[in-house]
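Structural description and commentary
So the chains spell out like this:
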Amino acid sequence: VRILGREGRIDGRTVYLDIQNIYADHEKFVLVEVEIPAHAVGKVREAGTVRVAYLDMNTNTTQKVTGSADVRFCESNAEAERSINKRVMADVAEMLAVERNRLAMQMRDAGKTDEAKKMLGMNAAYLQQAAKDYDRPALNGYAAENAVQAEQLDEANWNRNRKQMVEGQSARQSQR
C-alpha cells in the first residue's frame, strides 16, 4: 500500500528502496504497509521477501542477504493484540507521527494555524499512548516536542520552530 518514512517506489508487488550509508553496528529499517486478503484461521502466509545487496567495505565485494516475513491469521482481536511486535509498532507509530507533524507544518504554512495546533496536540496524545502501548518511553520525548511545537506557531516563533520541525522529521526518517 505504501512505504512509511522513506522514499521509494512500489511497482506492482515489488518495493524498491535505496538506503545509503549503513555502517557496522548500525541498524536501519524499512516499513512497508501491505494489505493481505483474509485467509482461514491458523493459516500462515508469507507477507513479503526482502533481498538486500550491499558493498562490504572490508572485502570490497557485494554481499547479498535474503529474508522473509510471515503472517498468521487468527480469529480474535485479543489473540492478534498478543502477537503484536511492540518494537515494530513503536517504529510505525513514530513514522506516522512524523507524517502528521509534516502535515501540521504544511497547515501552518498555509495559514491554518488553529488546525496545525490541533494536529500537533493530537499527535502528542497519540505518541504518549503509543509509548505506553508499545513500551517505548522515547516516544514520550517526541510527544513533548509536538506539544511544544503546538504552542510556537505564532509569527514570532514560527521560523525557528519550523526549522526545528524539519530537522526532527529528517532525523527520525533517516533513523539518525
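Above this text sits the structure in question.
This structure is a prediction, so every number in the text was calculated from the model and none was measured. (Residues numbered from 1 in each chain as written. Predicted model: local features only at pLDDT ≥ 70, side-chain atom pairs only at ≥ 80, totals over all residues. Heavy atoms only, no water.)

A closer look at the packing of aromatic side chains
One pass over the full model with this rule turns up zero aromatic pairs. Over the ring of Tyr-126 we find Arg-100, and its NZ or CZ is 4.1 Å from the ring centre. In this structure, Arg-172 packs its charged tip against the face of Tyr-142, placed 3.6 Å from the ring centre. (Phe/Tyr/Trp six-rings, centres within 6.5 Å; stacked < 30°, edge-to-face > 60°. Lys NZ or Arg CZ within 6 Å of the ring centre and 35° of its normal.)

Regarding the nonpolar core
With 12 residues, the main nonpolar core is built from Ala-90, Ala-93, Ala-97, Val-98, Ala-124, Leu-127, Ala-130, Ala-131, Tyr-134, Leu-139, Tyr-142 and Ala-143. In this structure Leu-127 touches Ala-93, Ala-97, Leu-139, Tyr-142, Ala-143 and Asn-146, once residues within four positions along its chain are discounted. (Core = buried A, V, L, I, M, F, W, Y, C linked by side-chain atoms within 4.5 Å. Buried < 20%, exposed > 50% of the residue type's maximum accessible area, 1.4 Å probe, protein only. Contact = heavy atoms within 4.5 Å.)

Brief notes about helix 4 (residues 138-150)
The terminal C-alpha atoms of helix 4, which comprises 13 residues, lie 19 Å apart, in line with the 18 Å expected from a rise of 1.5 Å per residue. For helix 4, every residue scored as buried is listed here: Leu-139, Tyr-142, Ala-143, Asn-146, Gln-149 and Ala-150. Along the axis of helix 4, the buried positions cluster into a sector of 125 degrees, meaning they face one direction only. If you follow the buried residues of helix 4, they end up packed against helix 2 (86-109), helix 3 (113-133) and helix 5 (155-173). (Helix = DSSP H or I, 4+ residues; strand = E, 2+ residues; numbered from the N terminus. Expected span 1.5 Å × (residues − 1). Arc of directions from axis to C-beta.)

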